[in-house]
Amino acid sequence: MNIKHIMSKLTLEEKASLLSGSDFWHTKSVERLGVPQIMVSDGPHGLRKQRVDDDGAGVNQSIEAVCFPSACALACSFDRDLIFRLGQALGNECQAENVGVLLGPGTNIKRSPLCGRNFEYFSEDPYLASNIAASHIKGVQSKKVGSSLKHFAANNQENRRMSVSAEIDERTLHEIYLAAFETAVREARPQTVMCSYNKINGVYSSQNKYLLTDVLRDKWGFDGLVVSDWGAVCDRPQGVAAGLDLEMPSSHGVNDAKIVEAVKNGTLSKEDLDKAVENVLKLVDSYVQNHDDDAVWDKNADHALAVDIASQCMVLLKNDDRILPLQKNRKIAFIGKFAEKPRYQGGGSSHINSFKVTSALFAAEKYTNVSYAQGYGTDDDVIDTALINEAVELAKNSDTAVIFAGLTDLFESEGFDRKHMGLPECQNELIRRVAAVQPDTVVVLHNGSPVEMPWIENVKGILETYLGGQGVGEAVCDILFGRINPSGKLAETFPKKLSDNPSFLNFPGDGDTVRYSEGIFVGYRYYDYKDMDVLFPFGHGLSYTTFSYSDLKLYAKNITDRDSLTLSVTVRNTGHVAGREVVQLYVRDVESSVVRPVKELKGFEKIELAPGESKVIVFTLDKRAFSFYNDKTHDWFVESGDFEIMIGSSSRDIKLSSSIHVESSDKVPFVCTPDTTMGDIMKLKNGVKYIEKLVGEFSKNLEGDGAELGEATRLMMEAQMRDNPLHVMVSFSDEKITHEEIAEICDKVNADFKGQI
Ligand code: BGC
């Protein structure tokens, strides 16, 4: 397509019309100029392509496809290559089905375990979330199909998601909520970004210029198309001016007319309109140029991939007495409805019409005979004593009980948040009763978000499958029976109870306002700072083998913020079976002028090791790994000082550490006024010399009446001097220091430092 030519021929009305969908899933065409429409489809864990005969809005009426594990599971792989392979498969499916853009992945931060849509999101940690999202996008787009990174930004709850305002301070917004998108945008360059429904600090994302233009395009260099979440548009002309290119779905001409009107009356500039139209045309052109008519997809091959991926995401949370892998010659009972009919995906726009689903009960046949009792129902949460009694009898007469538990669709979904962090009570009761008669009990969990485990001490094994996709049953059995060694690590903390979670006091907020008062202390950043016991920490996950860590080498002891730091560590498989390990790198700022987390994830690698094998893993850290977001400079900022580099197998299992000194060239704005404290002046280079007289006058107070000053009084006076604004010294010195002298000090400091330090 010759976009320049088309732009010169389009009428104002045609331009406006291109900025909204023709229906639920298609853009509009302009036939006279050869602009076709293209189709977009949900995602992101499979292809939810709506059937042609469907009215469009139906949630379950999509073509038969393959349901891969959900984002909550995928992130636990900590495996960029694996997620890339998933993306490739999805991209190929899109090509074969004539879909131009896959609507995903979702990379919002898991602020609270209660968010109904956590299953669609990756992590509580922005570094992990953004890296996994980047791999997903790179995979999809390697097949020349667009991704839509969503929901930009701060869509961290379902409650009032279309009207709530997330009130977030600037540092937290950038360090946590935007950072989850940033790497994915910068590195993977998604063709589209989908704005969220909610407001941020009072402004709808769909018309938020700071978000869609200042940050996304100007800071991060995004050059694709911004699409609204479905129905997220409020003031359409304002949205166009702010950087929202495409409105989806159709607004039946209503908003197109508003755009025309706004251009005519001068409230929307032609330049802003043209930018948006060009972005739409570029997307359509990409489809036209890259569409592969010969693409075919093989559902069975993708099903096998779904099984493989699921088995590399599951997290072995607990394995006392090496209860897993199961011994095939023992009498094994599978208990719980999910063994027969697994919950493997969440409800809402990501729901896939799976062409087949394999249950653990079916998959176990490959390994051994297992007996089965249903244990509970899934239509409601009612304790069924007969079902439980039957399960208890079976458990008693078996050697091992494996209980398949988790959340049902009634407990978590798009559209609403969870009310509590518990499992259905009928399942908790079942687990309690079975564990009471069978010491060798294992629980296999199917849930999109952490659950409380009141029975944790009474079971020997816990395998977290999250929502494992349509091949979950095969993957579970591969792990239970030891064909696959588990290697997933938690991408979020499991707190002991909901009230431990940092957002507890402010979730889901008051009416249309939710204050993110916990600031940057989300997930492990909070639990670590508080030194709080958790059920399972971020990054935790067991294996059937063991690993040793050695030889942490930093290839420098001092760097500047323009250098990068290379380091290496050796990991060895010290057990008897092959296994994969996720090597995690955390950084701590030893001393800082602002409050910072105890550690932050800044690198990870997943490696595979045969028994006895060792590998050297190399990491490179750049300035960003040491920085915080400075709300004075409105940018990432590193402070000179020492940083600790920690290598761990989980956030609470640090194996090795070493330190590095970073010399910064960053400066902050600094203007001295009579309100500036003496302590802040003293911190400047040769600072004391500016205020020698003030210090002298203040010190007279320390001399007292000759009596010894107690240590506490001396500490108090020192603190008082540090925190004294300059102007206070006028009255404290009995006017021996004048306001004019204070003004002179300020002038001198400002002349020497020229506005920054
Ligand atoms: C969801 C998006 C989804 C869109 C289209 C919205 O309600 O928030 O994630 O892509 O619908 O189904």
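Before reading on, note that the structure itself is shown above.
Before going into details, it helps to say that this report is about the structure given with it. Quick caveat, the model's predicted, so the values are computed rather than measured.

## Concerning the site of the ligand
So, point 1. Taken together, 14 residues lie near the ligand, and Asp42, Arg117, His151, Tyr197 and Asp229 sit nearest.
So, point 2. Lys150 is positioned such that a nitrogen or oxygen atom in its side chain is 2.9 Å from an oxygen atom of the ligand.
So, point 3. Side-chain polar atom of His151 to an oxygen atom of the ligand: 2.7 Å apart, as the coordinates give it.
So, point 4. Surface burial for the ligand is 94%, taken as the share of its 310 Å² of free accessible area covered by protein chains.

## A short note on unusual backbone geometry
So, point 1. In this structure, the amide linkage connecting Gly43 to the following residue, Pro44, adopts the cis form with an omega of -5 degrees.
So, point 2. Structurally, Pro44 can be placed in the loop between β1 (40–42) and β2 (64–65).
So, point 3. Of note, the bond from Leu324 into Pro325 is cis; its omega dihedral lies within 30 degrees of zero at -5 degrees.
So, point 4. The phi dihedral of Arg189 is positive, around 45 degrees, even though this residue is not glycine.
So, point 5. Residue position: Arg189 is located in the loop between α6 (170–188) and β6 (192–195).
So, point 6. Unusually for a residue other than glycine, Asp734 sits at a positive phi of about 60 degrees.

## Quick notes on the pattern of salt bridges
So, point 1. Tallied over the entire structure, the rule returns 54 salt bridges.
So, point 2. Its salt-bridge partner being Asp321, residue Lys460 comes within 3.2 Å of it at the nearest N-O pair. Of this pair, Lys460 sits in the loop between β15 (441–446) and β16 (461–464) while Asp321 sits in the loop between β10 (315–319) and β11 (332–335), and the two are 139 residues apart along the sequence.
So, point 3. Since its relative accessible area comes to 63%, Asp321 is described here as exposed.
So, point 4. Of the charged contacts, one joins Lys623 and Asp666 as a salt bridge, the two residues approaching to 2.9 Å between their closest N and O atoms. Here Asp666 lies in the loop between β27 (653–663) and α18 (678–682) and Lys623 lies in the loop between β23 (614–621) and β24 (628–630), a separation of 43 residues in the sequence.
So, point 5. A relative accessible area of 25% means that Lys623 is categorised as partly exposed.
So, point 6. Among the charged side chains, a salt-bridge network with shared partners connects Arg117, Glu120, Glu158, Arg161 and Glu414.

## Notes on the pairing of β6
Regular strands have side chains that alternate between both faces of the sheet.
So, point 1. In β6, alternate side chains face the same way, and those of Thr192 and Met194 on one face and Val193 and Cys195 on the other are all buried.
So, point 2. Relative to β6, strand β4 (residues 146–152) runs parallel, the two sharing 3 bridges. Across the sheet, residue Phe152 finds its bridge partner in β6, namely Cys195.
So, point 3. Bridge count between β6 and strand β9 (residues 225–228): 4 bridges; the pairing is parallel. The residue bridging Cys195 from the neighbouring strand is Ser228, located in β9.

## Observations concerning the sheet that holds strand β18 (residues 547–554)
So, point 1. Spatially, the 3 strands line up as an open sheet ordered β18-β20-β23, and their pairing is antiparallel. Sheet topology places β18 and β23 at the edges, where each strand pairs with a single neighbour. Each adjacent strand pair in this sheet contributes to an overall mean axis angle of 20 degrees, direction not counted.
So, point 2. As paired elements, strand β20 (residues 565–573) and β23 share 8 bridges and run antiparallel to each other. The residue bridging Ser568 from the neighbouring strand is Val618, located in β23.

## Things to note about the pairing of β20
So, point 1. Along β20, 7 of the 9 residues are buried, which leaves the element largely enclosed by surrounding structure.
So, point 2. Here 6 bridges tie β18 to β20, and the two strands are oriented antiparallel to one another. Residue pairing in the sheet places Lys553 in a bridge with Ser568 of β20.

## Side note on the side chain of Asp42
So, point 1. When you line up the elements, Asp42 lands in strand β1.
So, point 2. The exposure class assigned to Asp42 is buried, which follows from its relative accessible area of 5%.
So, point 3. At a separation of 2.7 Å, a polar atom in the side chain of Asp42 contacts the side chain of Arg48.
So, point 4. In contact with Asp42, other than residues within four places in its own chain, are Trp25, Leu47, Arg48, Leu102, Leu103, Lys150 and Ser349.

## Here's the deal with the sheet that holds strand β17 (residues 513–515)
So, point 1. Within the open sheet, the 4 strands sit side by side as β8-β7-β5-β17. Their pairing is mixed. Of all strands in the sheet, those bounded by a partner on one side alone are β8 (203–204) and β17.
So, point 2. Strand direction decides the pairing type here: strand β7 (residues 199–200) and β8, joined by 2 bridges, are antiparallel. If you follow Lys199 over to β8, its bridge partner there is Tyr204.

## Describing helix α16 (residues 472–480)
So, point 1. Taking burial as the measure, the 9 residues of α16 include 8 buried ones, the bulk of the element.
So, point 2. Within the span of α16, buried status applies to Val472, Gly473, Ala475, Val476, Cys477, Asp478, Ile479 and Leu480.
So, point 3. Buried residues along α16 sit against α11 (299–313), β11, α13 (360–363), β14 (400–406), β15 and β16.

## Section: the packing of α11 against α16
How two helices sit against one another is set out by the angle between their axes and by the gap between those axes.
So, point 1. Interaxial distance between α11 and α16 falls to 8 Å at its minimum, and their mutual angle equals 45 degrees. Looking at the two axes, α11 sits oblique to α16. Taken as a pair, α11 and α16 cross one another with a handedness that is right-handed. Across the interface between the two elements, His303, Val307, Ala310 and Ser311 from α11 touch Glu474, Ala475, Asp478 and Ile479 from α16.

## Focus: a nonpolar patch on the surface
So, point 1. Judged by side-chain polarity, Tyr529, Val595 and Val598 come together as a nonpolar surface patch covering roughly 240 Å² of accessible area.
So, point 2. By secondary structure assignment, the location of Val595 is in the loop between β21 (579–589) and β22 (600–609).
So, point 3. Classification of Val595 as partly exposed rests on a relative accessible area of 40%.

## Quick notes on the packing of helix α5 (residues 126–141) against α6
So, point 1. Running from amino to carboxyl end, α5 crosses α6 at an angle of 30 degrees, the nearest separation of the two axes being 8 Å. By the angle between their axes, α5 is roughly parallel relative to α6. Once α5 is placed against α6, the crossing between them reads as right-handed. Contact residues: Pro126, Ala129, Ser130, Asn131, Ala133, Ala134, Ile137, Lys138 and Gln141 in α5; Glu175, Ile176, Ala179, Ala180, Phe181, Glu182, Thr183, Ala184, Glu187 and Ala188 in α6.
So, point 2. Residues that form the contact of α5 with α6 fall into these classes: 11 nonpolar, 4 polar and 4 charged.

## Side note on the environment of Val695
So, point 1. Assignment of secondary structure puts Val695 in helix α19 (residues 692–703).
So, point 2. Since its relative accessible area comes to 17%, Val695 is described here as buried.
So, point 3. Taking the C-alpha atoms as reference points, Val695 and Val226, 469 residues apart in sequence, are found 57 Å from one another.
So, point 4. Contacts of Val695, omitting those with residues within four sequence positions, involve Met678 and Met721.

Cut-offs and rules
- All residue numbers refer to positions counted from 1 along the written sequence of the respective chain.
- In keeping with the predicted nature of the model, local features appear solely for residues at pLDDT of at least 70, side-chain atom pairs appear and are counted solely at 80 or more, and the whole-chain, interface and lining totals rest on all residues.
- Side-chain measures were taken over the full set of non-hydrogen atoms in the model, leaving aside hydrogen atoms and water.
- For this description, a residue counts as near a given molecule or strand if any of its non-hydrogen atoms is within 4 Å of it.
- N or O atoms within 3.5 Å of each other form a polar contact, as long as, within protein, one can give a hydrogen and the other can take it, and as long as residues adjacent in sequence are counted only when both atoms are side-chain atoms.
- All accessibility values rest on the Shrake-Rupley procedure with a 1.4 Å probe; residue burial counts only the protein chains present in the view.
- Strands are runs of DSSP state E lasting at least 2 residues, helices are runs of H or I lasting at least 4, and numbering of each runs from the N terminus.
- Whenever a carboxyl oxygen of Asp or Glu lies within 4 Å of a side-chain nitrogen of Lys or Arg, that contact is scored as a salt bridge.
- The cut-offs for exposure are 20% and 50% of the maximum accessible area for each residue type, with area from a 1.4 Å probe on protein chains only; residues under the lower value are buried, those over the upper are exposed, and the others partly exposed.
- We call two strands paired when DSSP finds no fewer than two bridges between them.
- Here an angle of 0 to 180 degrees is reported between the N-to-C directions of two axes, which are lines fitted to C-alpha atoms, with helices fitted over the stretch in contact.
- What makes two residues a contact is simply this: any of their non-hydrogen atoms within 4.5 Å.
- Angle categories: roughly parallel below 35 degrees, roughly antiparallel above 145, roughly perpendicular from 65 to 115, and oblique for all the rest.
- Here is the rule for handedness: rotate from the far helix to the near one, and if that takes an anticlockwise turn smaller than a right angle the crossing is left-handed, while a clockwise turn gives right-handed.
- Note on patches: the residues involved have over 30% relative accessible area and no salt bridge, like charges join within 9 Å, and the nonpolar side chains Val, Leu, Ile, Met, Phe, Trp and Tyr join within 5 Å.
- Each residue is assigned to one class: nonpolar for Ala, Val, Leu, Ile, Met, Phe, Trp, Tyr, Cys and Pro, charged for Asp, Glu, Lys and Arg, and polar for all the others, Gly among them.

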